[in-house]
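The residues making up each chain are set out below.
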Amino acid sequence: MIARRGFLGLLGGAGLTVAGCGALAGKVAREVAGESLTSALPLPARFAVPLPIPATAVPVRPGRFEVVQRAAKAEIIPGTTTEIWGYDGTFPGPTFDLRAGGPAVIRVRNELPVPTSTHLHGGVTPPESDGYPTDVVIARGRGFRPPPGDHSHHDLRQWTFHEAARDYVYPLEQGAATLWYHDHRMDFTAPQVWRGLAGFLVVRDDEDDALPLPKGERDIPLMICDRAFEEDGSFRYPSLDPTLLLRPGVDDAFMEGVEGDVILVNGAPWPFLEVDAARYRLRLLNASNARRFRLRLTPGGRFVQIGSDQGLLPAPLTHEAITISPGERFDVVVDFSGHRAGSEVTMVNTLGTGAARDVMRFRVRRRAADDSVIPKRLSRAAEPVTTAVATRVFDFRRTGQGGGGSWTINGRRFRPGRPLATPRLNTSEVWRFTSDFHHPVHVHLARFRVLARNGGPPAATDAGWKDTVDVRPYEVVDVLVRFEGYRGRYMLHCHNLEHEDMAMMADFEVV
Ligand code: C2O
Ligand code: CU
Ligand code: CU
């Protein structure tokens with residue numbers, strides 16, 4: 001609360017005002033953040049495929065993992081095959097189930113025809129392992145030069161090339177949280193994630209383990225994303241250059257972002273999960289390129305939120321609906337004990353239309369013992385008493401029209417090596433995000449708390465420590481960002497992956 005008072009004081013001092021935003025809010029009609037692609041094949045039946053649970057990564061020796069990025073065939077739409085690009089050839093990739101403070105080294109070997117960069121989203125990671133977009137791994141024997149053209153940011157001095165494989169070092173000096181990893185290659189993150197390069201990394205700690213929350217088979221990660229398919233089952237995506245080697249970008253019609261008409265959970269279309277009439281911990285991740293979801297349970301049910309992007313809340317919060325934008329996570333408990341055996345509970349997306357309104361279904365199979373409890377107090381970690389030492393504004397906006405248009409921050413296209421901010425290690429700053437459209441804003445390394453939306457209180461779903469925040473059209477969102485961990489180059493960007501590829505990123509340097 002001290003932080004908040006300090007923040008309001010700062011605003012007064014800076015003479016900033018948000019009074020004009022109310023008028024702009026009238027323009028906000030669309031809740032949808034992209035353009036929908038229609039699949040060329042008949043959509044599969046809903047709730048016909050069991051929910052897959054990604055395999056847990058097995059270390060090659062304690063604290064060391066190896067994962068291979070490769071193409072593989074998967075049966076996503078029953079009766080067809082889809083070529084995916086996956087970590088270990090799976091989509092989602094394996095789940096890394098790790099302990100806080102136990103350093104992990106993950107060797108990523110690239111056997112794909114394109115360069116890759118792997119980022120641990122939400123990780124407090126040294127800069128050289130953060131998965132910077134121009135710090136890439138190239139398969140052995142494959143030459144690569146950054147494509148020339150109008151992308152003036154392709155300054156070769158900003159690139160680092162690793163041949164075949166490299167190690168990412170994750171100290172994980174952070175609390176228990178549901179993190180995820182995904183590709184972050186310069187200009188081509190959106191199509192490469194669309195093809196499957198994403199997975200979970202769950203950080204556990206003693207505090208979280210000691211809570212009597214649902215565990216084991218009742219602790220389930222749910223990676224929710226949308227895709228579209230060609231007639232033969234391959235992924236459909238409007239790349240200008242399907243080889244992903246030369247020209248970045250998507251057809252002009254998809255400038256706002258690409259949405260698909262098939263909703264996948266853990267890589268399966270509209271799956272079902274058989275559950276006991278008991279409590280379940282669901283780790284919700286929106287891994288879509290552009291689609292926002294407003295999740296609800298029907299015919300009834302609530303989400304008791306226990307954690308946010310960066311881990312446990314101080315106390316649980318109950319939501320009827322959860323709006324989740326790309327990159328965000330919500331750790332929730334859903335209680336199925338009030339449902340009779342044989343009943344069904346569907347998780348729907350009230351922002352979706354047609355089949356995309358459905359997400360997945362829970363089938364309650366039987367009554368069962370349940371010793372889990374949602375404690376009134378969750379995380380006991382003391383709230384840091386911090387005051388912002390600076391206020392910075394980042395304006396997320398489209399610049400230019402049509403094919404020449406791009407998405408910019410403070411009017412600038414991304415240029416590696418030109419930081420927009422240089423916060424000091426172990427300080428906090430107020431960052432104000434303003435926008436012309438839906439922009440889920442993500443900050444690497446540093447976690448933050450949402451202080452205000454349009455000068456008013458944050459949304460109920462903004463609680464806790466976050467690393468990604470849903471910024472809506474003509475909205476002003478103030479966050480208090482804490483810079484801890486490492487000095488060096490990091491980035492903030494829009495997590496609408498098409499916007500990200502169209503230059504809506506910026507460096508910041510922790511000094
Ligand atoms: Cu999840 Cu820089 O991204
Ligand atoms: Cu990140
Ligand atoms: Cu954006």
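Being a predicted model, the structure only gives us computed values, none of them experimental. (Residues numbered from 1 in each chain as written. Chains lettered and ligands numbered in written order. Predicted model: local features only at pLDDT ≥ 70, side-chain atom pairs only at ≥ 80, totals over all residues. Heavy atoms only, no water.)

**Remarks on the overall build of the chain**
In step 1: Summing up its helical and strand segments, the chain has five helices and 34 strands in all.
In step 2: Relative to the 2.2 N^0.38 estimate, which gives 24 Å for 511 residues, the radius of gyration of the chain is 22 Å and therefore close to what a compact globule would have.
In step 3: Seen through its C-alpha atoms, the chain measures out along the principal axes to roughly 60 × 55 × 50 Å.
In step 4: If you take every contact in the chain between residues at least 6 apart in sequence, the share linking residues at least 24 apart comes to 80%.
In step 5: Surface summary for the chain: the accessible area is close to 19200 Å², and the carbon and sulfur share equals 51%. (Helix = DSSP H or I, 4+ residues; strand = E, 2+ residues; numbered from the N terminus. Rg over C-alpha atoms; globule rule 2.2 N^0.38 Å. Contact = heavy atoms within 4.5 Å. Areas by Shrake-Rupley, 256 points an atom, 1.4 Å probe, with all protein chains shown as cover.)

**Quick look at the coordination of the copper ion (ligand 2)**
In step 1: The coordination sphere of the copper ion (ligand 2) contains the protein donors His-119 (NE2) and His-442 (NE2), at a distance range of 1.8 Å. Of this pair, His-119 sits in strand 6 (residues 118-121) while His-442 is found in strand 29 (residues 439-443), placing the two residues 323 residues apart along the sequence.
In step 2: By relative accessible area, which is 0% here, His-119 ends up buried.
In step 3: With relative accessibility at 0%, the residue His-442 sits in the buried group. (Donors = N, O, S within 2.8 Å, 3.2 Å for Na, K, Ca; no water. Buried < 20%, exposed > 50% of the residue type's maximum accessible area, 1.4 Å probe, protein only.)

**Considerations on the UniProt feature "domain: Plastocyanin-like" (unreviewed entry) in the chain**
In step 1: Within this structure's numbering, the places UniProt gives as "domain: Plastocyanin-like" (unreviewed entry) are residues 74-134, 165-207 and 403-510.
In step 2: Taken end to end, residues 165-207 is 19% helix and 47% strand, and its two terminal C-alpha atoms sit 35 Å from one another. (UniProt positions renumbered as here; feature names shortened; annotations may be inferred.)

**Some thoughts on the sheet that holds strand 31 (residues 468-471)**
In step 1: Taken in spatial order, the four strands make up an open sheet running 31-29-33-34, and their pairing is antiparallel. Both outer strands of the open sheet, strand 31 and strand 34 (505-510), are each paired with one neighbouring strand and no more. Taken pair by pair, the neighbouring strands of this sheet meet at an average axis angle of 20°, ignoring direction.
In step 2: Two elements, strand 33 (residues 488-494) and strand 34, share six bridges in a ladder whose sense is antiparallel. Each bridged residue has a counterpart across the sheet, and for Leu-492 the counterpart in strand 34 is Ala-506. (Pairing = 2+ DSSP bridges. Axes fitted to C-alpha atoms, helices over the stretch in contact; angles between N-to-C directions.)

**Things to note about the confidence of the model for the chain**
In step 1: Averaged over all residues, the pLDDT of the chain equals 92, while 92% of them reach at least 70.
In step 2: Low pLDDT (under 50) marks residues 1-29, which in the prediction has 28 contacts with non-local residues, meaning those over four places away or in another chain. (pLDDT = per-residue confidence, 0-100.)

**Quick word on the pattern of salt bridges**
In step 1: Here the structure, examined in full by the defined rule, presents 40 salt bridges.
In step 2: In this structure, Arg-166 engages Asp-135 in a salt bridge whose closest nitrogen and oxygen atoms are separated by 3.1 Å. One end of the pair, Arg-166, is in strand 9 (residues 165-170); the other, Asp-135, is in strand 7 (residues 135-138), with 31 residues separating them in the sequence.
In step 3: Connected through shared salt-bridge partners, Asp-97, Arg-204, Asp-208, Asp-219, Arg-281, Arg-283 and Asp-331 make up one network. (Salt bridge = Lys/Arg side-chain N within 4 Å of Asp/Glu carboxyl O.)

**Observations regarding the sheet that holds strand 9**
In step 1: A sheet is described by the order of its strands in space; here four strands give the open sequence 3-2-5-9, paired in mixed fashion. The sheet is open, and its two edges are formed by strand 3 (82-87) and strand 9, each paired on a single side. Neighbour-to-neighbour, the strand axes of this sheet turn through a mean angle of 20°, independent of strand direction.
In step 2: Here six bridges tie strand 2 (residues 64-74) to strand 5 (residues 104-110), and the two strands are oriented parallel to one another. Residue pairing across strands places Val-67 opposite Val-108, the latter belonging to strand 5.

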